[in-house]
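Here is what each chain is made of, one letter per residue.
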Amino acid sequence: MASQLEQAKRLAKEAPQQAIELYSSVLFADSTSSYTVADREVALLSMAALFERMQDAVALTKLINGSQGYLTSVSKAKSSKLIRTLVDRFNGIEGGLQPQIATCQGMVEWARGENREYLRQALETRLISLYLDNRMYTEALSLISLLLSELKKLDDKMQLVEVHLLESRVYMAIKNLPKSRAALTSARTAANSIYTPPPLQAHLDLQSGTLHAEEGDFKTAYSYFFETMEGLSVYVTPKSVDEDLASTSAAGDLSSGGSPANFEQRQLQAFAYMLLCKIMIQQPDDITALLATGKTASKFRDHRAVAALQAVAKAQKQRSLADFERVLSEYREELQNDELIRNHLTALYDTLLEQNLVRLIEPYSRVEIAHIAKLIGLPIRVVENKLSQMILDKVFCGILDQGNGCLVVFPETKHDSTYETTLDTIKSLSNVVESLYVKAATL
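Because the structure is a prediction, the values reported are computed rather than measured.

The next subject is the overall build of the chain. What the chain contains, in helices and strands, is 23 helices and three strands. Along the first, second and third principal axes, the C-alpha atoms of the chain reach 105 × 75 × 45 Å. Counting across all 443 residues of the chain, residues that qualify as buried make up 44%. Taking the contacts inside the chain whose residues are at least 6 apart along the sequence as the reference set, 61% of them involve residues at least 24 apart. When the accessible surface of the chain is totalled, it reaches about 23,600 Å², and 53% of it is carbon and sulfur.

Structure below.
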């Protein structure tokens, strides 16, 4: 009855266990009861939301497995939507990735047993994404191979785009950039022949920008990240928290969209990557202008991830290694959690350290390593290792005199091009002699 659902909704905050009992009585009531299919759906979704709030992954798993009887009684389209919504409820549970994978695997087998091919393929696509999040790359690639062969026979372009996009992300995670780019090209080829929803197009642009950034083409990457941010701006609503437990707006797949909160998080990620690109192309001054213009940019101005990248840009502008290290320490969580930002800031730190060391050793032909470490404010061991690497990379000519704890810098030897010039001359003379011999033979 509607009154029982309303009572459960009122008890959800103060007495969640009582609310769960009331919802269970509605969901698992026998077929002769007066509860409608819509009442059972509200009870199912409300219980899932309660378990998410209570951080109870085990109870959520039991609920999904126990609701299979109800799911067979509704239409296939409705059950597919409900299953994806229920599986995505694990996203709000800390440490819920492993139970989510196990539940998704179980639902894949259930869909196979029920001969629901479309649902099975959608769940397998979701499972690939979960494998990627859990760094199970071998399992992800095996499932991708099987799923792609099926989808190509069915010519399901939309699903093909999603699976190729996930394939590109998996290959990028294992640093196989050529295969990642090939998979992304396949995704874009499939997307060109159909209408691509803006959220899915934004994911394609984000992946393209990430690949260009990995290859060092930050200007092109910046344009893709900008397209991602602008493409999602239509779907991001002003921040509002809906406490209604019966809400069905959980995140869906890429083609159907997702919640505004997910879109906003993806938009923030794209904006942070835009700032990273400006830092990597040595244009930190552009960040101030970027934050001052545009409604979307101003929305993230006070976010800690944006503040962290602003601080990095300031340290880069001043070429201060101490400030750079302070920023990395102060904003460790924001700068270390994202792999793309972490990798490029590590490379930027190495470049900044090299520039500072070259500037410090330039006046000397022989200098104590301890003196350089004192000037730059780093431990002697770190400075010694970096100087050794720079010598091997031929940044400058020198040796480390570890017995005396000194760096000996040699003057840079000028390249003698006499031998190369002599070889080119001999080669030219040889060509002349051969051409004269050919002409003489024709007389």
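Time to look at the side chain of Thr103. Along the chain, the position of Thr103 falls in helix H7 (residues 97–113). With a relative accessible area of 2%, Thr103 lands in the buried category.

Here we take up unusual backbone geometry. Its identity is not glycine, yet Arg135 carries a phi of approximately 60°, on the positive side. Its place among the elements puts Arg135 in the loop between helix H8 (117–133) and helix H9 (137–154). Residue class for Arg135 comes out exposed when judged on its relative accessible area of 59%. With a phi close to 60°, Lys394 is a non-glycine residue in the positive phi region. Tracing the backbone through its elements, the reader meets Lys394 in the loop between helix H22 (380–392) and strand E2 (398–401).

Turning our attention to the sheet that holds strand E1 (residues 366–368). The three strands are arranged E1-E3-E2 in an open sheet whose pairing can be described as antiparallel. At either margin of the open sheet sits one strand with a lone partner, and together these are E1 and E2. For this sheet, the mean angle separating the axes of adjacent strands, direction not counted, is 20°. Where E2 meets strand E3 (residues 406–409), four bridges bridge the pair, whose relative direction is antiparallel.

Here Thr210 lies in helix H12 (residues 198–214). Here Thr210 falls in the buried class, since its relative accessible area comes to 7%. Setting aside residues no more than four positions away along its own chain, Thr210 makes contact with Met172, Phe225, Tyr273 and Leu340.

Throughout the structure, instances matching the rule amount to 20 salt bridges. Between Lys175 and Glu214 there is a salt bridge, with its nearest N and O atoms 3.9 Å apart. Here Lys175, found in the loop between helix H10 (157–173) and helix H11 (177–192), pairs with Glu214, found in helix H12; they are 39 residues apart in sequence, far enough to count as distant. Note that Glu384 and Arg381 form a salt bridge whose closest N and O atoms lie 4.0 Å from each other. Placement of the pair is Glu384 and Arg381 together in helix H22, with a separation of three residues, close to one helical turn. Residue Glu384 is classed as buried on the basis of its relative accessible area, which comes to 13%.

The subject of this paragraph is the packing of aromatic side chains. All told, the structure shown has three aromatic pairs when counted by the stated rule. The ring of Tyr222 has Lys278 sitting right over it, with the charged end atom 4.7 Å from the ring centre.

Note that Tyr331 resides in the loop between helix H18 (321–330) and helix H19 (332–336). By relative accessible area, which is 12% here, Tyr331 ends up buried.

As a further point, take the nonpolar core. Phe271, Leu335, Ile372, Val383 and Leu407 are the most contacted members of the largest nonpolar core, which totals 58 residues. The dominant element in this core, judged by the number of residues it contributes, is helix H14 (residues 260–280), at 11 residues. Excluding its chain neighbours within four sequence positions, the residues that come into contact with Leu335 are Ala308, Leu309, Val312, Val327, Leu328, Ile341, Arg342 and Leu345. Val26, Met47, Ile83 and Ala140 belong to the second-largest nonpolar core, a separate cluster that totals 56 residues.

The next thing to look at is the packing of H12 against helix H13 (residues 218–232). Orientation of H12 relative to H13, taken along the N-to-C sense of each, is 160°, at an axis distance of 8 Å. The pairing of H12 with H13 is recorded here as roughly antiparallel in orientation. Note that H12 runs across H13; the crossing there is left-handed. On the side of H12, the interface is formed by Pro198, Pro199, Ala202, Asp205, Leu206, Ser208, Gly209, Thr210, His212 and Ala213, while H13 contributes Phe218, Thr220, Ala221, Tyr224, Phe225, Glu227, Thr228, Gly231 and Leu232. Residues of the contact of H12 with H13, tallied by class, amount to 10 nonpolar, seven polar and two charged.

We now examine helix H6 (residues 76–88). Between its terminal C-alpha atoms H6 stretches 18 Å, which fits the 18 Å expected from 13 residues at 1.5 Å a residue. Residues Ser79, Ser80, Leu82, Ile83, Arg84, Thr85, Leu86, Val87 and Asp88 constitute the buried set of H6.

Looking at the chain as a whole, the pLDDT averages 85, with 93% of positions reaching at least 70. Within the model, the stretch residues 238–254 combines pLDDT values under 50 with 33 contacts to residues more than four positions away or in other chains.

Parameters at a glance
- Residues numbered from 1 in each chain as written.
- Predicted model: local features only at pLDDT ≥ 70, side-chain atom pairs only at ≥ 80, totals over all residues.
- Heavy atoms only, no water.
- Helix = DSSP H or I, 4+ residues; strand = E, 2+ residues; numbered from the N terminus.
- Buried < 20%, exposed > 50% of the residue type's maximum accessible area, 1.4 Å probe, protein only.
- Contact = heavy atoms within 4.5 Å.
- Areas by Shrake-Rupley, 256 points an atom, 1.4 Å probe, with all protein chains shown as cover.
- Pairing = 2+ DSSP bridges.
- Axes fitted to C-alpha atoms, helices over the stretch in contact; angles between N-to-C directions.
- Salt bridge = Lys/Arg side-chain N within 4 Å of Asp/Glu carboxyl O.
- Phe/Tyr/Trp six-rings, centres within 6.5 Å; stacked < 30°, edge-to-face > 60°.
- Lys NZ or Arg CZ within 6 Å of the ring centre and 35° of its normal.
- Core = buried A, V, L, I, M, F, W, Y, C linked by side-chain atoms within 4.5 Å.
- Parallel < 35°, antiparallel > 145°, perpendicular 65-115°, else oblique.
- Left-handed = near helix turned anticlockwise from the far one by under 90°.
- Nonpolar A, V, L, I, M, F, W, Y, C, P; charged D, E, K, R; others polar.
- Expected span 1.5 Å × (residues − 1).
- pLDDT = per-residue confidence, 0-100.

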